[in-house]
Amino acid sequence: MKGLTNNITGMLLLSLVLVGTAWSAESKEEQDIRKQAAEISDTAGTSHGMTIVTDRIKTEFSVTDDQIKALREKQLGYGEIAIVFSMAQKMPGGITDENVTSIMTMRQGPPVMGWGKIAKDLGLNLGSVVSDVKRMDAETHREMKGGHSAGAKERGD
C-alpha cells in the first residue's frame, strides 16, 4: 500500500512539474501580447477610455462599431479584439466575417488555443501582431493624454 501511495504521489508531482513547464513555455511574444491586451482593456475601463479605444480600433483596423460589438458580445476584452482584427487583416481577404470566425473558433475551442498557437496554425507571425497591438496601445495612450479621440483627429476637431 505504501508503494502505491508513493507511486501516486510521484505521478502527481511529475504532473505538476510538466504543467509548470508548459506554463513557463509561453513565448515572449505570447507574454507581450497578453500584457498589451490587458493594458488596452484597462484603458477602456472608463467611458472616456472606452470611446478612445473603440475609435482607435475602428481607425487602426478599418472596422465598424457593429464588428466590435459582435466580439464584445463573445466576451472579448478590447485588447483581445485588437488581436483578432490584427490577425484577420494578415489573412488572405483581410478582416472578413469568415476570417474573424476562424480565429474565434480556434480561440474559444474546443480545444481552446492560445494566440501563439493560433498564429502558428494560420501561418502568421505573432511578433507582427504584437507590434500592431503595441502601436495601437501607444496611440491610445497619446490620445488619452491629448484629450482627443481618433475620430475627432480624423475630422480635424
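Before reading on, note that the structure itself is shown above.
Throughout, a residue's number is its position along its own chain's written sequence, starting from 1. Given that the model is predicted, a residue must reach a pLDDT of at least 70 before its local features are reported, and side-chain atom pairs must reach 80 or more before they are shown or counted; all residues, however, enter totals for whole chains, interfaces and linings. No hydrogens and no water enter the side-chain calculation; it runs on all heavy atoms of the structure.

### With respect to the overall build of the protein
So, step 1. Secondary structure summary: the protein contains nine helices and zero strands in total.
So, step 2. By the criteria applied, helices consist of DSSP H or I runs no shorter than four residues and strands consist of E runs no shorter than two, each listed in order from the N terminus. Ordered by position from N to C terminus, the α and β elements of the protein give α-α-α-α-α-α-α-α-α.
So, step 3. Whether two residues are in contact is decided by their heavy atoms, any of which lying within 4.5 Å being enough. Restricting the contact set of the protein to residue pairs at least 6 apart, pairs at least 24 apart contribute 62%.
So, step 4. Surface accessibility in these figures is a Shrake-Rupley result with a 1.4 Å probe; residues are shielded only by whichever protein chains are displayed. When the accessible surface of the protein is summed, it comes to about 9200 Å², and 56% of that surface belongs to carbon and sulfur atoms.

### Thoughts on the packing of aromatic side chains
So, step 1. Pairing of aromatic rings covers Phe, Tyr and Trp, the last counted by its six-membered ring, and requires centre-to-centre distances within 6.5 Å; plane angles under 30 degrees mean stacked, over 60 mean edge-to-face, and any other angle means tilted. Under the counting rule described, the total for this entry stands at one aromatic pair.
So, step 2. Geometrically, the ring pair formed by phenylalanine 61 and phenylalanine 85 is tilted, given 6.1 Å between the ring centres and 45 degrees between the ring planes. In this pair, phenylalanine 61 sits in helix H3 (residues 47-61) while phenylalanine 85 sits in helix H5 (residues 78-90), placing the two residues 24 residues apart along the sequence.
So, step 3. Buried residues are those whose accessible area, probed at 1.4 Å on protein chains only, stays under 20% of the maximum for their type, while exposed residues exceed 50% and partly exposed ones sit between those limits. The class for phenylalanine 85 is buried, based on a relative accessible area of 1%.

### Details of the environment of methionine 50
So, step 1. Relative to the assigned elements, methionine 50 resides in helix H3.
So, step 2. The exposure class assigned to methionine 50 is partly exposed, which follows from its relative accessible area of 35%.
So, step 3. Apart from residues lying up to four places away in sequence, methionine 50 is in contact with Thr43, Ala44 and Tyr78.

### Describing the nonpolar core
Side chains of nonpolar character tend, in soluble globular proteins, to be buried together.
So, step 1. Ile57, Phe85, Met87 and Trp115 are the most contacted members of the largest nonpolar core, which has 35 residues in total.
So, step 2. When residues of this core are traced back to their parent elements, those giving at least two are helix H2 (28-43), H3, helix H4 (65-72), H5, helix H6 (97-108), helix H7 (115-122) and helix H8 (126-146).
So, step 3. What methionine 87 contacts, discounting residues up to four positions off in sequence, is Ile103, Trp115, Ile118, Ala119, Leu124, Leu126 and Val129. Side-chain atoms within 4.5 Å link the members of a nonpolar core, which is a set of buried Ala, Val, Leu, Ile, Met, Phe, Trp, Tyr and Cys residues.

### Digging into the pattern of salt bridges
So, step 1. We define a salt bridge as a side-chain nitrogen of Lys or Arg found within 4 Å of a carboxyl oxygen belonging to Asp or Glu. All told, the structure shown has 14 salt bridges when counted by the stated rule.
So, step 2. Taking the shortest distance from any N to any O, the salt bridge between lysine 58 and aspartate 55 comes out at 3.7 Å. You can see lysine 58 and its partner aspartate 55 sitting in helix H3, three residues apart, about one turn around the helix.
So, step 3. For lysine 58, a relative accessible area of 25% corresponds to the partly exposed category.

### So, H5
The periodicity of an α-helix, 3.6 residues per turn, causes residues three or four places apart in sequence to face the same way.
So, step 1. Working rule for helices: expected span equals 1.5 Å times residues minus one. Between its first and last C-alpha atoms H5 spans 19 Å; for 13 residues at 1.5 Å apiece the expected length is 18 Å, and the two agree.
So, step 2. Counting buried residues in H5 gives ten out of 13 residues, a clear majority hidden from the surface.
So, step 3. Along H5, the residues classified as buried are Tyr78, Gly79, Ile81, Ala82, Ile83, Val84, Phe85, Ser86, Met87 and Ala88.
So, step 4. At its buried positions, H5 is contacted by H2, H3, H4, H6, H7 and H8.

### Points about the side chain of asparagine 99
So, step 1. Within the fold, asparagine 99 resides in helix H6.
So, step 2. Look at asparagine 99 and you get buried, because its relative accessible area is 7%.
So, step 3. Once residues lying within four places of it in the same chain are set aside, the contact partners of asparagine 99 are Ala88, Met91, Pro92, Gly93 and Gly94.

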